[in-house]
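Understanding the architecture of this molecule
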Amino acid sequence: MNTIAPVIEDFRLPPERVPETICEALDDEERLLLTNRAKELLEQENAVIVAHYYTAPDLQLIADAAGGYVSDSLDMARFGNESRADTLVVCGVRFMGETAKILNPEKRILMPDLEATCSLDLGCPPEQFNAFCDAHPDRTVVVYANTSAAVKARADWMVTSGSAVEVIRHLQDKGEKFIWAPDKYLGEYVQSQTDADMLIWQGSCVVHEEFKAKELLELKTAHPEAKVLVHPESPASVIQYADVVGSTTAIINAAVDLNAREFIVATDKGIFHKMQEAAPDKLFIEAPTAGKSATCKSCAHCPWMAMNTLKKLVNSLETGSNEIHVDMDIIERARRPIQRLLEFAELQKWQIYGANDA
Ligand code: SF4
């Protein structure tokens, strides 16, 4: 129904640029020195770390220990908004740094690596997206959080994976039809839940689209008691086996709340750090990726999230490098769709399995 396919390139990183592991290869002494230096610099600069669940445990631990925050993308921005720090060090990917800047233009926003981006953001270039919107002026433009500031500036609404279905239903009740961008899988999932009239941009997350249904079914058969938790950026063929489909926050909450000991988890494996912290007596199993049919590294870990390292964090704090800048004009326009979501979320007061995230 109404699905269109703009030309989208393949945005995988070349194999030689994909970081090998989820943790930086550091010996204990080096890790301790860097951790202590990062804490010292955070205090000196009146800075806090705002980190995504998919980043390395090293960074999440410092964020938690030094007055920062670890969460999903929208909550990261909310936290930044409320923080008294002068500098927010956003450990995540570029659109998260931009969103922090949009909501906190007076603050300095640093990132460990400005090259850390997202295939959804890269797959939705503002010029092409604007042309597409121009061709369908009768439609409400709803974009996922995983977009550039310039794309948000063109949108009527920004949504997160946890809020998308509710927002679309709310607007659908008013008779609206939609342009949805950029994630085709999340768009298809929302459409399956709402039957909304959506023109869907054909972007995808290089991590989530690697999860494979056949192998997941085999794993589920081998672990019949396990609950399957799936992020909706995954293909519908994978979502069909989910006990819970939800955002990163929803997945962590489900692991705590559900009466099960084993969980098969289809999202970036960076989330396992917080899941294990939140539910230490439970067992988390990675959902299978492409295996023999792999087209990329297929490791269930975002190569851009993995660019956030302790060494780069310390370097950014020491030198002030990797600051995020967004034009004031874009900030003004991009803030509107984000604020709409924040106000909607406030009204709805979603409680069950979290209302946030990317
Ligand atoms: S995990 Fe996927 S959606 Fe998240 S930042 Fe990486 S590429 Fe983007």
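Since the structure is predicted, the reported quantities are computational estimates derived from the model, not experimental observations. (Residues numbered from 1 in each chain as written. Predicted model: local features only at pLDDT ≥ 70, side-chain atom pairs only at ≥ 80, totals over all residues.)

Once that is clear, we can look at the confidence of the model for the protein. Mean pLDDT over the protein stands at 90; residues scoring 70 or higher make up 89%. Residue range residues 292-296 is modelled with pLDDT below 50. Its contacts to residues more than four positions away, or to other chains, number five contacts. (pLDDT = per-residue confidence, 0-100. Contact = placed C-beta atoms within 7 Å.)

Taken across its five residues, strand E3 (residues 87-91) has five buried, putting it largely inside the fold. As for the winding sense of the linkage, the β-α-β connection from E3 through helix H4 (residues 94-103) to strand E4 (residues 108-110) is right-handed. (Buried ≥ 20, exposed ≤ 12 C-beta atoms within 10 Å, placed from the backbone. Helix = DSSP H or I, 4+ residues; strand = E, 2+ residues; numbered from the N terminus. Right-handed = clockwise from strand over helix to strand, strands pointing away.)

What follows covers the sheet that holds strand E8 (residues 198-200). The sheet built from four strands is open, its strands ordered E6-E5-E7-E8 with parallel pairing. Where the open sheet ends on each side, the last strands, each with one partner, are strand E6 (157-159) and E8. In this sheet, neighbouring strand axes are inclined to one another by 25° on average, regardless of whether the strands run parallel or antiparallel. (Pairing = 2+ DSSP bridges. Axes fitted to C-alpha atoms, helices over the stretch in contact; angles between N-to-C directions.)

Turning our eyes to something else, we now look at the site of the ligand. The immediate surroundings of the ligand are formed by 14 residues, with Cys118, Ser119, Cys205, Val207 and Cys302 found nearest. Split into classes, the residues belonging to the shell around the ligand amount to 10 nonpolar, two polar and two charged. (Near = placed C-beta within 6 Å. Nonpolar A, V, L, I, M, F, W, Y, C, P; charged D, E, K, R; others polar.)

Moving on: helix H12 (residues 248-257). Where burial is concerned, most of H12 is hidden: eight out of the 10 residues are buried. Residues of H12 that are buried in the fold lie against strand E2 (69-71), strand E9 (227-230), strand E10 (244-245), strand E11 (262-266) and helix H13 (272-278).

On to the environment of Gly123, then. Take Gly123: it is sitting in the loop between helix H5 (119-122) and helix H6 (126-134). Linking Gly123 and Ala181, residues 58 residues apart in sequence, is a C-alpha distance of 9.7 Å.

Our focus in this paragraph is the sheet that holds strand E1 (residues 47-52). Spatial ordering of the open sheet is given by E2-E1-E3-E4, a layout of four strands whose pairing is parallel. Edge positions in the sheet fall to E2 and E4, since each has one partner strand and no second. For this sheet the average axis-to-axis angle between neighbouring strands, irrespective of direction, equals 20°. In terms of strand pairing, E1 meets E3 through five bridges, oriented parallel. In the strand pairing of E3, Ala51 is matched with Cys91. In this fold helix H2 (residues 57-65) packs onto E1, E2 and E3, with an angle of close to 135° to the strand it touches most, E1.

One recurring pattern in soluble globular proteins is that nonpolar side chains are buried together. Ile49, Val90, Val142 and Leu229 are the most contacted members of the largest nonpolar core, which totals 106 residues. Residues in contact with Val142, not counting those within four places in the same chain, are Ala155, Asp156, Trp157, Val159, Val167, Ile168, Phe178, Ile179 and Trp180. (Core = buried A, V, L, I, M, F, W, Y, C linked by C-beta atoms within 7 Å.)

In this section: the packing of H4 against helix H15 (residues 328-348). H15 packs onto H4 with a crossing angle of 95° between their chain directions and a minimal axis gap of 9 Å. Taken together, the axes of H4 and H15 lie roughly perpendicular to each other. Of the residues in H15, those touching H4 at Thr99, Lys101, Ile102 and Leu103 are Ile331, Ala334, Arg335 and Ile338. Taken together, the residues that form the contact of H4 with H15 break down as five nonpolar, one polar and two charged. (Parallel < 35°, antiparallel > 145°, perpendicular 65-115°, else oblique.)

Restricting attention to buried positions, one finds in helix H14 (residues 310-319) the residues Leu310, Leu313, Ser316 and Leu317. For H14, the angular spread of the buried residues around the axis is 130°, confining them to a single face. On its buried side, H14 packs onto helix H1 (28-44), E1, H2, E3 and E4. (Arc of directions from axis to C-beta.)

Sheet faces and side chains relate simply in a regular strand, where the side chains alternate between the two faces. A large share of strand E5 (residues 140-144) lies buried, amounting to five of its five residues. Both E5 and strand E7 (residues 178-181) contribute to a ladder of four bridges, which runs parallel. Paired with Thr140 across the two strands is Phe178, which belongs to E7. Where E5 meets E6, three bridges bridge the pair, whose relative direction is parallel. Opposite Val143, over in E6, you have Met158 as the bridge partner. With respect to chirality, the unit in which E5 leads through helix H7 (residues 149-154) into the neighbouring parallel E6 is right-handed.

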